[in-house]
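# A closer look at the structure
Here's the letter readout for the chains.
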Amino acid sequence: MNVDLLWEKSLAEIKTQVNSMIYETWFKPIRLYKIEDHLATIIVPQKIHQKHIEETYNDFLKGILSKVTNNFYDIELILESEIKEEKQNNPIILNEPHELKTYKHSSNLNKKYLFENFVIGDSNRLAAATAMAVAKSPGESYNPLFIYGSSGLGKTHLMHAIGNYIEENSNKKVLYISSKEFIDDFTRISRKDDNNLTNYDYAEYFQNKYRQVDVLIIDDIQFMTTTPKTQDEFFHTFNILHDEKKQIIISSDRSPNDLNKLEERLKTRFCWGVMVDIFPPEQSLRKNIIIKKLDALKISVEMKEEVIDYIAANLTSDVRSLEGAINRLMSYSLMMGYSEINLPIAVDALKNMINKGTSEITDIQKIQKVVADQFQISVDDLKSKKRSASIAFPRQIAMYLSRIILNESFERIGLEFGGKDHSTVMHSCDKIKAEMDSNPKLRNTIEQIKENIP
Ligand code: ADP
Ligand code: MG
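The following refers to the structure shown.

A tally of regular secondary structure across the protein gives 20 helices and 10 strands. Scored against the burial criterion, the 454 residues of the protein give a buried share of 48%. Within the protein, residue pairs in contact and separated by at least 24 positions form 74% of the contacts whose partners lie at least 6 positions apart. Here the protein has roughly 23,200 Å² of accessible surface; of this, 49% comes from carbon and sulfur atoms. Treating the 59 positive side-chain charges of the protein as one cloud and the 65 negative ones as another, the clouds have centres 3 Å apart.

Put into C-alpha cells, the structure is as follows:
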C-alpha cells in the first residue's frame, strides 16, 4: 500500500471515530509523509498541531495506523519546513532501469509474526505443531508443508513464524512471497522485453531469486490462476528445490484438491509432503487471543472480563476480526479518554462490527428480571450454579425465552447466565420446548411471562 492510500484509509477510519469538529481541526490538515521500520512520520501545518496532537492523539493515531496496517508504529510529527531540509540532504534515488538485473535478496519476512505470539488452541494445535517441526528441521521431513483454512485464521502468521525461526537459528536463506508477486515474476519471465531487460536477464534474475533459496514460502496459492506456461515454470522450480531438499511451504484457503485452476501434477506435488488445516478458533482460544493481544498492545486501558467475553462470544469466525475489534475498542477509548472499558462502552464502540446493539444486553437482562420475579428468586440465582429445581427450572425458562424471543446464540445466552456452556443452554431450550408441548400449564406460565417482558 502506498503512503497516500494508507493515509486515505486512516483518515476514513479517524472520521468514524471522532466528531467532525475534531476531525476538521486536527486531522484533516495533517498528512502521512512516510512510514518505515517502526516510525510513521506525519506532517503538520503548525506548531500547535504538533503540540496538541502529541499530547492528545498520539496513542489514538497509533491505534488507527495499527488498524490500517496491522503493524505498530511510533509517531513523529514534523512541520513542512523540517521536511524540506531533510529532502535536500537525502535526494531521492530513482530506480535504475536495470535494477532487476542485480537481484538483491530480501526475505520479505515480517518480524512481528512469531511462534511466541501465536496463541494455540484445539483448532490450530496441529497446524502450529507441524509448522514448528518444519521450522526446526527445514527440508527434512515435511516437504512441502501445505497449510490451508479460511481467511483470517493465522496461516500467514504461521508461515512468517517458520521463516523467522529458521532465519534466527540457521543461516539458511528464506524467501516469503505473496502469490501476486510470484505470478508477476513468473509472467515476466516469458515476456519479450520488460524494462529494458532481455529474456535472458530476467531468467537470471528469476533464478537468483527463486532457485537459490533454502526455504521458499508462498502465500495464498489459490490466486495462482495462471497460464500453462507459468505453471510449467513453477512446476520446474518446485522440482528443483524439492530435489535439493529445500523446504517449500504453501498456504491456501482450500485443500490442494479443491484448487480447480491448478494443474493435476502440481496438486499431486503439493500432496507429497504434509497437509494441515487450521479451523476457526474455539471460544477459549478466542478469549486467550484477546487477552494476549491486549497484553501486547501495552496500552494502559483496562478491559473488563465481561468485554472479553462479549467479543469472544460474538466474533466467532476468525482471528482477524477479533484483532479488529480490539484495535477499534482501544482507539475508541483512548479517543474518549476512558481508562477502563466496560460492556456498554464496548457495545457502543463495536456496534458496526457486532450488529446486535445495546438492546440485546438489556433484553436478556430484562427477561432474567421478569422470570426471577415470577418465580420469586433473584437474578443472581439465575446466573448461579445452583441446581435445585426451584432455581434450575426458572433458569431454563429464562434461557429458552432468550433464545426464542431474541434469537440469541447459545453461547451468548450461556455467558449472560454466569458463563454456562453453550450445550447446557441448548439442552435447557430443548427441554422447555418439549415440556411445553405436553404441559399446558407451563405453556400458560410462559405466555404470561412473555407478556410481562417490557
Ligand atoms: P490468514 O493468513 O489465515 O488469512 P493471518 O495469518 O493473516 O490469517 O491472521 C490474521 C491476523 O490474526 C494476524 O494479525 C495474525 O497475527 C492474527 N492471528 C491469527 N491466528 C492467531 C493466533 N493463533 N494467535 C495470535 N494471533 C493470531
Ligand atoms: Mg494470509
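In this section: the site of ligand 1. Residues in close proximity to ligand 1 total 18 residues, the closest being Val119, Gly152, Thr156, His157 and Glu323. Side-chain polar atom of Thr156 to an oxygen atom of ligand 1: 2.7 Å apart, as the coordinates give it. Separating an oxygen atom of ligand 1 from a side-chain N or O atom of Arg320 is a distance of 3.0 Å. Contributions of two or more residues to the shell around ligand 1 are made by helix H6 (155–169), helix H11 (283–297) and helix H13 (319–336). Grouping the amino acids of the shell around ligand 1 by side-chain chemistry returns six nonpolar, eight polar and four charged.

So, on to unusual backbone geometry. The omega torsion across Asn143 and Pro144 is 0°, close enough to zero to call that bond cis. Here Pro144 is to be found in the loop between helix H5 (125–136) and strand S4 (145–148). Phi is positive for Asp220, which is not a glycine, with a value near 55°. Secondary-structure assignment places Asp220 in the loop between strand S6 (215–219) and helix H9 (228–243). Its relative accessible area of 24% is what places Asp220 among the partly exposed residues. You will see that Gln376, though not glycine, has its phi angle at about 55°, which is positive. Mapping Gln376 onto the fold places it in the loop between helix H15 (357–375) and helix H16 (379–383).

Before going further, it helps to examine the environment of Glu244. As for its placement among the helices and strands, Glu244 is situated in the loop between H9 and strand S7 (247–252). For Glu244 and Arg211, which are 33 residues apart along the polypeptide, the C-alpha to C-alpha distance reads 10.0 Å.

This part takes up the packing of aromatic side chains. All chains considered together, the criterion is met by 14 aromatic pairs. Seen from their ring centres, Phe234 and Phe238 are 6.4 Å apart, and the 85° between their planes marks the pair as edge-to-face. Here Phe238 and Phe234 lie together in helix H9, a separation of four residues that amounts to about one turn. What makes Phe234 buried here is its relative accessible area of 2%. For Phe238, a relative accessible area of 1% corresponds to the buried category.

Turning to the packing of helix H3 (residues 47–69) against H13, a few remarks are in order. Between H3 and H13, whose axes approach to 8 Å, the crossing angle comes to 160°. Relative to H13, H3 is oriented roughly antiparallel. Crossing angle aside, the handedness with which H3 passes H13 is left-handed. Where H3 approaches H13, its residues Tyr57, Asp59, Phe60, Gly63, Ile64, Ser66 and Lys67 are matched on the opposing element by Gly324, Asn327, Arg328, Ser331, Leu334 and Met335. In terms of residue class, the contact of H3 with H13 is made up of five nonpolar, five polar and three charged.

Tracing the sequence through the fold places Ile289 in helix H11. Since its relative accessible area comes to 5%, Ile289 is described here as buried. Between the C-alpha atom of Ile289 and that of Ile30, which follows or precedes it by 259 residues, the distance is 34 Å. Among all residues touching Ile289, those that are not within four sequence positions of it are Val119, Val319 and Leu322.

A complete count under the given rule lists 27 salt bridges for this structure. For Arg265, the salt bridge identified is with Glu263, shortest N-O distance 2.8 Å. Looking at Glu263, the relative accessible area reads 22%, which means it is partly exposed. Across the salt bridge formed by Lys351 and Asp348, the nearest N and O atoms sit 2.8 Å from each other.

Rules behind the numbers
- Residues numbered from 1 in each chain as written.
- Chains lettered and ligands numbered in written order.
- Predicted model: local features only at pLDDT ≥ 70, side-chain atom pairs only at ≥ 80, totals over all residues.
- Heavy atoms only, no water.
- Helix = DSSP H or I, 4+ residues; strand = E, 2+ residues; numbered from the N terminus.
- Buried < 20%, exposed > 50% of the residue type's maximum accessible area, 1.4 Å probe, protein only.
- Contact = heavy atoms within 4.5 Å.
- Areas by Shrake-Rupley, 256 points an atom, 1.4 Å probe, with all protein chains shown as cover.
- Lys, Arg positive; Asp, Glu negative; His and termini not counted.
- Charge placed at Lys NZ, Arg CZ, Asp CG, Glu CD.
- Near = heavy atom within 4 Å.
- Polar contact = N/O pair within 3.5 Å; in protein donor to acceptor, adjacent residues only side chain to side chain.
- Nonpolar A, V, L, I, M, F, W, Y, C, P; charged D, E, K, R; others polar.
- Phe/Tyr/Trp six-rings, centres within 6.5 Å; stacked < 30°, edge-to-face > 60°.
- Axes fitted to C-alpha atoms, helices over the stretch in contact; angles between N-to-C directions.
- Parallel < 35°, antiparallel > 145°, perpendicular 65-115°, else oblique.
- Left-handed = near helix turned anticlockwise from the far one by under 90°.
- Salt bridge = Lys/Arg side-chain N within 4 Å of Asp/Glu carboxyl O.

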